[in-house]
Amino acid sequence: MFHFSNIVRSKGDPTIVESGPSLKRPQDQLARALGWFSLGLGVVELLAPRRVTETLGMEGSETMVRAFGVREIVAGIMSLSVEKNAGLWARVGGDGLDAAALLSGLTSDNPKKGNIALALLMVGGIAMLDYRAAQHTKPRRPPRDAKRKLYPGRSGFPKGVKAAKDRAKDMIQHATAGVTS
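First, a word on scope: everything that follows refers to the structure included in this document. If you're wondering where the values come from, they're calculated on a predicted model, not measured in any experiment. (Residues numbered from 1 in each chain as written. Predicted model: local features only at pLDDT ≥ 70, side-chain atom pairs only at ≥ 80, totals over all residues. Heavy atoms only, no water.)

### Considerations on the layout of surface pockets
One number sums up the size of the largest pocket: a volume of about 640 Å³. In terms of lining, the largest pocket is formed by 27 residues, of which the most central are Leu41, Glu45, Val52, Leu56 and Ala119. Among the secondary structure elements, those contributing two or more residues to the lining of the largest pocket are helix H1 (26–47), helix H2 (49–56), helix H3 (62–80), helix H4 (84–104) and helix H5 (113–136). Considering each element in turn, the lining of the largest pocket owes the most residues, six residues, to H5. (1 Å grid on protein atoms, 1.4 Å probe; cavity = no way out; pocket = protein on both sides within 12 Å on 5 of 7 lines; lining within 4 Å. Points joined across faces, edges and corners; volume = space filled by probe spheres on them. Helix = DSSP H or I, 4+ residues; strand = E, 2+ residues; numbered from the N terminus.)

### Some points on a nonpolar patch on the surface
A cluster of nonpolar residues, Val43, Leu46, Leu47, Val70 and Val74, forms a patch on the protein surface that exposes about 410 Å² of accessible area. Of all the secondary structure elements, the ones that give two or more residues to the nonpolar patch are H1 and H3. The element contributing the most residues to the nonpolar patch is H1, with three residues. By relative accessible area, Leu46 is classed as partly exposed at 32%. (Patch = residues over 30% accessible without salt bridge, like charges linked within 9 Å, V, L, I, M, F, W, Y side chains within 5 Å. Areas by Shrake-Rupley, 256 points an atom, 1.4 Å probe, with all protein chains shown as cover. Salt bridge = Lys/Arg side-chain N within 4 Å of Asp/Glu carboxyl O. Buried < 20%, exposed > 50% of the residue type's maximum accessible area, 1.4 Å probe, protein only.)

### A word on the pattern of salt bridges
All chains considered together, the criterion is met by six salt bridges. Residue Glu72 pairs with Arg91 through a salt bridge whose shortest N-O separation is 3.1 Å. Of this pair, Glu72 sits in helix H3 while Arg91 sits in helix H4, placing them 19 residues apart in sequence. The exposure classification of Glu72 matches that of Arg91, with both residues buried. Counted as one network, the salt bridges with shared partners bring together Arg71, Glu72, Arg91, Asp98 and Asp130.

### Side note on the packing of H1 against H5
Viewed as axis vectors pointing N to C, H1 and H5 meet at an angle of 135°, and their least axial separation amounts to 9 Å. Between H1 and H5, the angle falls in the class oblique. Handedness of the H1/H5 crossing: left-handed. On the side of H1, the interface is formed by Gln27, Leu30, Leu34 and Phe37, while H5 contributes Ile126, Leu129, Asp130, Ala133 and His136. Residues belonging to the contact of H1 with H5 are distributed by class as follows: six nonpolar, two polar and one charged. (Axes fitted to C-alpha atoms, helices over the stretch in contact; angles between N-to-C directions. Parallel < 35°, antiparallel > 145°, perpendicular 65-115°, else oblique. Left-handed = near helix turned anticlockwise from the far one by under 90°. Contact = heavy atoms within 4.5 Å. Nonpolar A, V, L, I, M, F, W, Y, C, P; charged D, E, K, R; others polar.)

### Concerning the packing of aromatic side chains
Enumeration according to the criterion identifies one aromatic pair in this entry. Both rings, one in Trp89 and one in Tyr131, keep their centres 5.7 Å apart while their planes meet at 80°; by these two values the pair is edge-to-face. Separated by 42 residues along the polypeptide, Trp89 in helix H4 and Tyr131 in helix H5 bring together distant segments of the chain. A cation sits over an aromatic face here: Arg71 above Phe68, 4.7 Å from the ring centre. (Phe/Tyr/Trp six-rings, centres within 6.5 Å; stacked < 30°, edge-to-face > 60°. Lys NZ or Arg CZ within 6 Å of the ring centre and 35° of its normal.)

### Details of H5
The end-to-end C-alpha separation of H5 is 35 Å, in line with the 34 Å expected for 24 residues at 1.5 Å each. Those residues of H5 that fall on the buried side of the exposure criterion are Ile116, Ala119, Val123, Ile126, Asp130, Ala133 and Ala134. Looking at the buried side of H5, the elements it contacts are H1, H2 and H4. (Expected span 1.5 Å × (residues − 1).)

### Quick word on the nonpolar core
Soluble globular proteins tend to bury their nonpolar side chains together. Counting six residues, the largest nonpolar core consists of Leu56, Met58, Leu102, Ile116, Ala119 and Val123. Sequence-distant contacts of Val123, that is, excluding residues within four places in its chain, are made with Asp95, Asp98, Ala99 and Leu102. By size, the runner-up hydrophobic cluster in this structure holds five residues, among which are Ala31, Leu34, Leu88 and Ala133. (Core = buried A, V, L, I, M, F, W, Y, C linked by side-chain atoms within 4.5 Å.)

### Brief notes about H3
Helix length check: H3, at 19 residues, gives a terminal C-alpha distance of 27 Å against a target of 27 Å (1.5 Å per residue), a fit within 8%. Of the residues making up H3, those classed as buried are Glu62, Val65, Phe68, Gly69, Arg71, Glu72, Ile73, Ala75, Gly76 and Ser79. The inward-facing, buried residues of H3 abut H1, H2 and H4.

Purely spatial values, then, with no claim about function.
See the structure below:
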């Protein structure tokens, strides 16, 4: 079986023959999906704000929609990063801002109130997913009584410290040989 990650491995590195089950928990997968959703929505809000405001009958709010797009993109990037919990909480706060902005457009003279009501329902559903994901993706820490893994025999150099020192000496000799000639 072909594994994509084998392409980027250096000569001498072990290759992946078979992969095991994913270590991603369902909460992590939800966080990832919400992060990608946030990026997509943010790009739409940033690049096509007039289309969004026309659909909602909220013309004149394009600057706010662009700002919301930037917020969505940043929250999406954070949700896809190692600090996904902060990104998910940013999404939860953003859902509140989205709902408030949508409620401001829910006026009697807006002919597209139905679109706003639908958007509010969607924001509410996404808000529940965001809240759930934020609650369940708190940083995992080992228990206080867990034994730490120590690796006293490892140097951090794949071919050993001696090989690294020898290589450094060779590089210095090569560099100084060019300077003296």
